[in-house]
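Results of the structural survey
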Amino acid sequence: MSDLEFGLDTFGDVPEDDSGKLVSYAAAIRQVVDEAVLADELGVDVIALGEHHRPEYSVSTPETVLAGIATRTSRIRLASGVTVLSSDDPVRVFQRFATVDALSHGRAEVILGRGSFTESFPLFGYDLRDYDVLFEEKIELFVKLLDEQPVTWSGTKRAPLERADVFPKTESGRLTTWVGVGGSPQSVVRTARYGLPLMLAIIGGAPERFAPYIDLYRRAAEQLGTTAHPVGMHSPGFIADTDAEAKELYWPYYRVMRDRIGALRGWPPIRRAEFDAEVEHGSLYIGSPETVARRVARAIRSLGVGRFDLIYTAGAQPVSARMRAVELYGTKVIPMVRDILAS
């Protein structure tokens, strides 16, 4: 599996410094850049930044931060994870990522999604009642833009375009574009219909339960006459020198974040036993390099994916622990996973 790829994902969670004080949003953004530079040096394939508009996260415009990373790195690919297309303009999204692509000599990727949070809708003047139609229309337009030819398009939620030519063009002639999906069969079929690669957000439960979605994607592509690309998955986790250290660095911050979001969604507070079960059997890849590599290899093998992204931040883990997690992922986990899968 030499063509297997590994990424790191973050939303720019605002971390603590080593005195236990939360850093500023500006410092949190610069910290993400430093982590991406380290990942680049260590041979990680992709860094993906998610768009959020909440107080816990510093990254609201992934492509702006990716442009900064582009000027300090040489080989790592630069992705969003995800860009909330429903509450953005497809033409502007294309232009911004084509610009990152230019700055990075062709390393930009956009992962389009509907978003698991809804703050962007009222913030930018969109009605949540239009949640489905907004994404359906905007992805249709975005796919037309990928051909980099004059576009004629009309819908109900945006002004029509008549032979509109959009700039800048990419040097390759095609911007790499994925669709991030959280578990909706309709979204999987839509991704196949447009012939785009599928990125599965697997953030809880046994990863094997997503196997039917991958099968659906491949069957739909075959029936629709499009290309079924290698599927990616992204899941949360954290790496430290020992299993115990990784759990203790992750759990208190994860609990605060999980319960804050859970309160908005009507979830009961998370118990430590649930967390431990998710680490042991579910989709939290937390532990020493050996433990994480074993579990990542098992997930890749059971699902047959071509890319694994680790969401390596969840809450205010200290800056030094985050840098160590990136270092261990690049130097230990990725080589170990490759060795396990090769044997």
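Residues numbered from 1 in each chain as written. Predicted model: local features only at pLDDT ≥ 70, side-chain atom pairs only at ≥ 80, totals over all residues. Heavy atoms only, no water.

1. Quick look at the overall build of the protein chain
Our working rule: Strands are runs of DSSP state E lasting at least two residues, helices are runs of H or I lasting at least four, and both sets are numbered from the N terminus onward. Two residues form a contact once any of their heavy atoms are found within 4.5 Å. Positive charges come from Lys and Arg, negative ones from Asp and Glu, while His and the chain ends are left out of the count. By convention, the charge on Lys lies at NZ, on Arg at CZ, on Asp at CG and on Glu at CD.
Helix and strand counts for the protein chain come out as eleven helices and twelve strands. In terms of principal-axis extent, the alpha carbons of the protein chain reach across some 60 × 45 × 45 Å. Put simply, 73% of the contacts in the protein chain that link residues at least 6 apart link residues at least 24 apart. Placing the 39 positive and 47 negative side-chain charges of the protein chain at their respective mean positions leaves the two points 2 Å apart.

2. Focus: the pattern of salt bridges
For clarity, the cut-off: Salt bridges are defined by distance alone: a side-chain nitrogen of Lys or Arg within 4 Å of a carboxyl oxygen of Asp or Glu. For every residue, the accessible area obtained with a 1.4 Å probe (protein chains only) is divided by the maximum for its type, and the residue is called buried under 20%, exposed over 50%, and partly exposed between those limits.
If you walk through the whole model with that rule in mind, you get 28 salt bridges. We note a salt bridge from Glu35 to Arg322, for which the minimum N-O separation is 2.9 Å. Residue Glu35 is found in helix 1 (residues 25-42), and its partner Arg322 is found in helix 11 (residues 319-342); the two are separated by 287 residues along the sequence. Accessibility expressed as a relative area gives 0% for Glu35, which makes it buried. Connected through salt bridges with shared partners, the residues Glu5, Arg77, Glu109, Arg307 and Asp309 form a single ionic network.

3. Quick word on the pairing of strand 3 (residues 77-80)
Strand residues, when the strand is regular, have side chains that alternate between the two faces of the sheet. So the rule is basically this: One requirement defines pairing of two strands: DSSP has to find at least two bridges between them. Clockwise travel from the first strand over the helix to the second, with the strands pointing away from the viewer, marks a crossover as right-handed.
Side chains Arg77 and Ala79 of strand 3 all project onto a buried face; the interleaved residues Leu78 and Ser80 project onto the opposite face, where all are buried too. In terms of strand pairing, strand 2 (residues 46-49) meets strand 3 through four bridges, oriented parallel. Directly across from Leu49, in strand 3, lies its bridge partner Ser80. One crossover worth recording links strand 2 to the parallel strand 3 by way of helix 2 (residues 62-70), and it is right-handed. Relative to strand 5 (residues 108-113), strand 3 runs parallel, the two sharing two bridges.

4. Overview of helix 6 (residues 185-193)
Among the residues making up helix 6, those that are buried are Ser187, Val188, Arg190, Thr191 and Ala192. Looking one or two residues beyond helix 6, the residue adopting positive phi is Gly195, at roughly 70°.

5. Details of the packing of helix 2 against helix 3 (residues 90-103)
Here is the rule we go by: Axes here refer to lines fitted to C-alpha atoms; in helices the fit is confined to the stretch in contact. Angles between the N-to-C directions go from 0 to 180 degrees. Our angle categories are set so that under 35 degrees counts as roughly parallel, over 145 as roughly antiparallel, 65 to 115 as roughly perpendicular, and the remainder as oblique. When residues are grouped by polarity, Ala, Val, Leu, Ile, Met, Phe, Trp, Tyr, Cys and Pro land in nonpolar, Asp, Glu, Lys and Arg in charged, and all others, Gly among them, in polar.
At a closest axis distance of 9 Å, the pairing of helix 2 and helix 3 adopts a crossing angle of 10°. Considering their axes alone, helix 2 and helix 3 lie roughly parallel with respect to each other. Facing Glu63, Leu66, Ala67 and Ala70 of helix 2, the residues of helix 3 in contact are Arg96, Phe97, Val100 and Leu103. Broken down by class, the residue content of the contact of helix 2 with helix 3 amounts to six nonpolar, no polar and two charged.

6. A look at helix 3
Selection criterion: Expected helix span is given by 1.5 Å per residue-to-residue step, counting one fewer step than there are residues. Counted as a polar contact is a pair of N or O atoms within 3.5 Å, where, for protein atoms, one must be capable of donating a hydrogen and the other of accepting one, and residues adjacent in sequence contribute only when both atoms are in side chains.
The end-to-end C-alpha distance of helix 3 is 20 Å, a good match for the 20 Å that 14 residues give at a rise of 1.5 Å each. Of all the residues in helix 3, the buried ones are Pro90, Val91, Val93, Phe94, Gln95, Phe97, Ala98, Val100 and Asp101. Its buried side turned inward, helix 3 meets helix 2, strand 3, strand 4 (83-84), strand 5, helix 5 (131-145) and strand 7 (161-164). Capping the start of helix 3 is the job of one residue whose side-chain oxygen sits 3.0 Å from the backbone nitrogen of Val91: Asp89. After helix 3 finishes, the residue His105 shows a positive phi value of roughly 55°.

7. A look at unusual backbone geometry
The peptide bond linking Gly81 to Val82 adopts the cis configuration, its omega dihedral lying at 10°. For the peptide bond that leads from Phe167 to Pro168, omega is 5°, which places it in the cis range. With respect to the helices and strands, the residue Pro168 is situated in the loop between strand 7 and strand 8 (176-181). One non-glycine residue with positive phi stands out, namely His105, at about 55°. Examined against the element boundaries, His105 turns out to sit in the loop between helix 3 and strand 5. Given a relative accessible area of 70%, His105 falls into the exposed group. Despite not being glycine, Glu148 shows a phi value in the positive range, around 60°. Along the polypeptide, Glu148 turns up in the loop between helix 5 and strand 6 (151-153). According to the relative accessible area criterion, Glu148 is buried, its value standing at 11%.

8. Considerations on the pairing of strand 5
Across the six residues that make up strand 5, a large majority, six, are buried. On strand 5, burial covers both faces: Ala108, Val110 and Leu112 on one face and Glu109, Ile111 and Gly113 on the other are all buried. For strand 4 and strand 5, the ladder comprises two bridges, and the chain directions are parallel. From the neighbouring strand, Thr83 faces strand 5, where its bridge partner is Leu112. In this fold, the crossover linking strand 4 to strand 5 by way of helix 3 has right-handed handedness. Examined bridge by bridge, strand 5 and strand 8 share four bridges and lie parallel to one another.

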